[in-house]
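Single-letter residue listing:
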Amino acid sequence: MESSQLLLFIMFLYTIVLSIRSINCIEKNNNLVTNQAALFLFGDSLFDAGNYKYINNNSAFQSNFFPYGQTTFKFPTGRVSDGRLITDFIAEKAWLPLIPPNLQPSNTNSQFSYGANFAFGGAGALVETFPGMVIDLGTQLNSFKNVVRSLKSGLGDAEAKKFLSRAVYLFSIGGNDLVYPLVANSSLFKSNTKEKFVDFVIGNTTSMVKEVYKMGGRKFGFLNMGAYECAPGISILDPTNIGSCSKPVAELIYLYNIKFPDALRRLQREISGFRYALHDFHTSLLERIHNPSKYVLFVCFEGFKEGKMGCCGSGPLRGINTCGNQMGHSFELCENVTDYLFFDASHLTEKAHRQLAELIWSGPPNVTGPYNLQALFELS
């Protein structure tokens, strides 16, 4: 057989193998969809798919303008990134559609069969964090209660209970609570020790988890506190030490990341059937900040070239939050967003979100544990 004929024959066999694999994937996909768990999302801008744009005109928190959304959607969706969020990739891995913002006017009760997204940019576990400007965690809980009532009305109590027990509840909360006292006047922070203040943040979060549990939730996902002390917008706060991670923020984050796993272990002892995934977001982010080129998404793609500067913004490290001409200020935009870990002063790029979603979905126990998200979705 001539070399050209041999090459054609090998390509033919390869095409057949790919076709068989595709059929198997589709069969697996159909099985997953048939028995799929819903995804409910709570927290802050890391998960907010656009809730903020529906009720608030404060442009300091909004991202419904160019260049946000430029990579995948080609238009601004309200996500604080150039494209998809961590939660979008997780939904994709769970064979779910993108979970729309809960406040989106076109939402109907039928859409809750896939879950709901209550996350809100700037939100905290404490009502004292950006008061009057955000939907805090407690208010997000009230919105979830409304959804539960709708589910019970549509499905009946018994079926709604099954639905809620199969669902996965994913949280990203607390970062704004820890940063807010350092950029604004917080009487709660000033009147308590740092340890006590962190306890308040964690206590409000675990109290909400207990409420969701009472309504039927059993499977929960969390991120510990990311390395926000090294985000571009934080690392320029000290004008005498531009580019250095903020020690005051780092101290609070350290306390939180020591205390929060203990709180989850207590919950596991206290409430029967509580299962959870906790991703070490701090380590994942910090490693990419300090060693950006090391973290390649796939074999054929390069890692990040820049881990400390934002792609969009102004000033040192593009750490001033003017991305998209916010509040009438000019901004700079990088040439190639895939080179960057951070998209703006404190939020990540789609490429970073994809990498983190992989770790949250299927990371080993030292990265995401005691369960990962994939294991939680597969639990009956």
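Scroll up to find the structure this text is about.
Residues numbered from 1 in each chain as written. Predicted model: local features only at pLDDT ≥ 70, side-chain atom pairs only at ≥ 80, totals over all residues. Heavy atoms only, no water.

**Examining the overall build of the protein chain**
Counted only if it meets this: Runs of H or I in DSSP of at least four residues are treated as helices and runs of E of at least two as strands, each being numbered from the N terminus. Think of it in three bands: residues with accessible area under 20% of the maximum for their type are buried, residues over 50% are exposed, and the middle band is partly exposed, with areas taken using a 1.4 Å probe on protein chains only. Any two residues having at least one pair of non-hydrogen atoms within 4.5 Å are treated as being in contact. Accessible surface is estimated by sampling points in the Shrake-Rupley manner with a 1.4 Å probe; for residues, cover comes only from the protein chains shown.
Secondary structure summary: the protein chain contains 11 helices and 10 strands in total. Counting only residues that meet the buried cut, the protein chain has 52% of its 380 residues in that class. The contacts of the protein chain with a sequence gap of at least 6 include a subset with a gap of at least 24, amounting to 70%. Here the protein chain displays about 17,700 Å² of accessible surface, and carbon together with sulfur accounts for 55% of that area.

**Comments concerning the pairing of strand 5 (residues 275-279)**
Worth spelling out the cut-off: Whether two strands pair comes down to DSSP finding at least two bridges between them.
Counting buried positions over the five residues of strand 5 gives four, a clear majority of the element. In terms of strand pairing, strand 4 (residues 219-223) meets strand 5 through five bridges, oriented parallel. Residue F220 lies in a different strand from strand 5, and its bridge partner there is Y276. Relative to strand 10 (residues 368-370), strand 5 is paired through three bridges, and the arrangement is antiparallel. Directly across from L278, in strand 10, lies its bridge partner G369.

**Some thoughts on the state of the cysteines**
Counted only if it meets this: Working definition: a disulfide is two cysteine sulfur atoms within 2.5 Å of each other.
Following the criterion strictly, the structure yields three disulfides and no others. The disulfide bridge from C311 ends at C334, spanning 2.0 Å between sulfur atoms. Handedness here is read from the sign of the S-S torsion; for C311 and C334, about -75°, the answer is left-handed. In this pair, C311 is assigned in the loop between strand 6 (306-310) and strand 7 (312-313) and C334 in the loop between strand 8 (332-333) and strand 9 (340-342), connecting sequence segments 23 residues apart. For the pair C311 and C334, a shared accessibility class is recorded, and that class is buried. Sequence-ordered numbering of the bonded cysteines in the protein chain gives a pairing of 1-2, 3-6, 4-5.

**A look at the pairing of strand 4**
The buried fraction of strand 4 amounts to five of the five residues, a majority that puts the element mostly inside the structure. Side chains K219, G221 and L223 project from strand 4 onto one buried face, and the interleaved F220 and F222 project onto a second face that is buried too. With four bridges connecting them, strand 3 (residues 168-172) and strand 4 associate as parallel partners. Pairing of L170 across the sheet is with G221, part of strand 4.

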